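# Residue-level structural notes
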Amino acid sequence: MDITVSTPGKIILSGEHAVVYGYPALVAATNKRCELHYQGTAEPEWSADWLSQFASLKAFFAAWEARPTTQHLQLRSHVPVGRGMGSSAACSVAAAAVWQSLQGKTFSPEAINQLAYQLEVLQHGTPSGVDNTIATYGGALWFRKETPTFSIFRQVEMSSSLETLWLVDSGRPKESTKEMVTMVAEQRQQRRTHYDQLFRQMEEVTRSWLRWVLGEETDSVELLRTNHRLLVELGVVSPQTQSLIQAIEKSGGAAKITGAGGAKQGSGYLLVMHPDEAKLQSVLKPYARSGERLELGGEGVRIE
Ligand code: PMV
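One structure accompanies this document, and this report is about it. Computed from a prediction, not measured in an experiment: that's the story for all the values here. (Residues numbered from 1 in each chain as written. Predicted model: local features only at pLDDT ≥ 70, side-chain atom pairs only at ≥ 80, totals over all residues. Heavy atoms only, no water.)

## Looking at helix 5 (residues 130-137)
Of all eight residues in helix 5, seven are buried; the element is thus mostly enclosed. Every buried residue of helix 5 is accounted for by V130, D131, N132, T133, I134, A135 and T136. Buried residues belonging to helix 5 abut strand 1 (2-14), strand 2 (25-39), helix 3 (87-102), helix 4 (109-124), strand 4 (140-147) and strand 5 (150-155). G138 sits one or two residues past helix 5 and shows a positive phi near 70°. (Buried < 20%, exposed > 50% of the residue type's maximum accessible area, 1.4 Å probe, protein only. Helix = DSSP H or I, 4+ residues; strand = E, 2+ residues; numbered from the N terminus. Contact = heavy atoms within 4.5 Å.)

Pasting the structure below:
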């Protein structure tokens, strides 16, 4: 048996962290993909019991590779690791898709997504499910988690011009996604009213983002700036990243983290909006950073 599957990474345009608490998120797949290649004869049994033995996605992969068979598993990923671009979800979805194939089952994105969500739970504890859902379906999605096991989502046709969007790496966060999500949960427990108010404001911003993506709203720079301020208040943007974003804002652009962020040093990839490429690159230079064009709307999971 010889199977190769590929899955996209993602960018959360708006709604990270809030999405964990049932607020909507707007998310899009990128053109950076993760590829998993399986070669072997074994057809491992899939069971919930077997899955629950693992504490992380890494442990799951290690155990899979160590099975006493003639199988071979190779992961190649262009999705930057640990930087808010959905690398773990892309891996989880790829693993779930290979698994489904090994069992001789018909390709079912829904079943792949459910399995990948279980892998994401191993990795992150209480994920919203937005990352595995976008890696499964691709394109752009409006997503909302209604209960821990039930989410609603719908494809969004992006009609706004995305030419002014860039990606800038603010550095790998010291914290994991799990740690960032736990930190926000602990803060929320202490200041419930304040945090819920922040999440409601984020929902407003996410709705405005949706209108922008649909071509119904124009002031996207201001929107991104408001989005960033709310994320700063949430405590997920490090002082170092804040000063980088401040410099981008001063030169006429705007930026925000995209994903869990990081409070100590790097905060992962930034979603940047800037009308002038030359200006943006010269602002980034003293920080030893550069902007790369963002291509959104990548295809979801596919068998190569
Ligand atoms: O940093 P990432 O790519 O793992 O994205 C996490 C997104 C959060 O909203 C912070 C968590 C979640 O489960 O949705």
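More follows now that the structure is in view.
## As for the site of the ligand
The full set close to the ligand counts 17 residues, and K10, H17, S128, T177 and A260 are the nearest of them. At a separation of 2.9 Å, an oxygen atom of the ligand approaches a polar backbone atom of A260. Contact with the protein chains removes 93% of the 380 Å² of surface that the ligand exposes when unbound. The set of elements that each furnish at least two residues to the shell around the ligand consists of strand 1, helix 5 and helix 6 (177-190). Counted by class, the shell around the ligand contains eight nonpolar, six polar and three charged residues. (Near = heavy atom within 4 Å. Polar contact = N/O pair within 3.5 Å; in protein donor to acceptor, adjacent residues only side chain to side chain. Areas by Shrake-Rupley, 256 points an atom, 1.4 Å probe, with all protein chains shown as cover. Nonpolar A, V, L, I, M, F, W, Y, C, P; charged D, E, K, R; others polar.)

## Details of the side chain of R225
By the element assignment, R225 lies in helix 8 (residues 220-234). With no salt bridge to any partner, buried R225 finds its closest opposite charge in E222, at an N-O distance of 4.0 Å. Setting aside chain neighbours within four positions, we find R225 in contact with E249, G252, G253 and A254. (Lys, Arg positive; Asp, Glu negative; His and termini not counted. Salt bridge = Lys/Arg side-chain N within 4 Å of Asp/Glu carboxyl O.)

## Brief notes about the packing of helix 2 (residues 57-66) against helix 3
Angle between the axes and distance between the axes are the two parameters that describe a pair of packed helices. One way to put it is that helix 2 packs onto helix 3 with a least axis distance of 11 Å and a crossing angle of 35°. Two packed elements cross with a definite hand, and for helix 2 against helix 3 that hand is left-handed. Of the residues in helix 3, those in contact with L57, F60, F61 and W64 of helix 2 are S88, C91, S92, A95, V98, W99 and L102. Residue classes in the contact of helix 2 with helix 3 are distributed as nine nonpolar, two polar and no charged. (Axes fitted to C-alpha atoms, helices over the stretch in contact; angles between N-to-C directions. Left-handed = near helix turned anticlockwise from the far one by under 90°.)

## With respect to the pattern of salt bridges
A full pass over the atoms with the stated rule returns 14 salt bridges. Here K256 makes a salt bridge to E16, at a shortest N to O gap of 2.9 Å. Of this pair, K256 sits in strand 7 (residues 254-257) while E16 sits in the loop between strand 1 and strand 2, and the two are 240 residues apart along the sequence. Given a relative accessible area of 0%, K256 falls into the buried group. E16 sits in the buried class, given a relative accessible area of 2%. Where R229 meets E249, a salt bridge forms, and the shortest distance between an N and an O atom there is 3.0 Å. One end of the pair, R229, is in helix 8; the other, E249, is in helix 9 (residues 239-250), with 20 residues separating them in the sequence. By relative accessible area, R229 is classed as partly exposed at 45%.

## Some remarks on the packing of aromatic side chains
This structure, assessed with the given rule, holds six aromatic pairs. Considering the side-chain rings of W209 and W212, the 5.4 Å spacing of their centres and the 85° angle between planes classify their relative orientation as edge-to-face. Of this pair, W209 and W212 both sit in helix 7 (residues 192-213), three residues apart, which is roughly one turn of the helix. Taken together, the ring pairs in this structure connect Y21, Y23, Y195 and F199 into an aromatic cluster. (Phe/Tyr/Trp six-rings, centres within 6.5 Å; stacked < 30°, edge-to-face > 60°.)

## Quick notes on the environment of G297
Positionally, G297 belongs in the loop between strand 9 (291-293) and strand 10 (302-303). Separated by 286 residues in the primary sequence, G297 and I11 place their C-alpha atoms 9.9 Å from one another. Discounting chain neighbours no more than four positions away, the residues touching G297 are A29, G139 and M158.

Interpretation note: all reported values are geometric properties and have no functional meaning in isolation.
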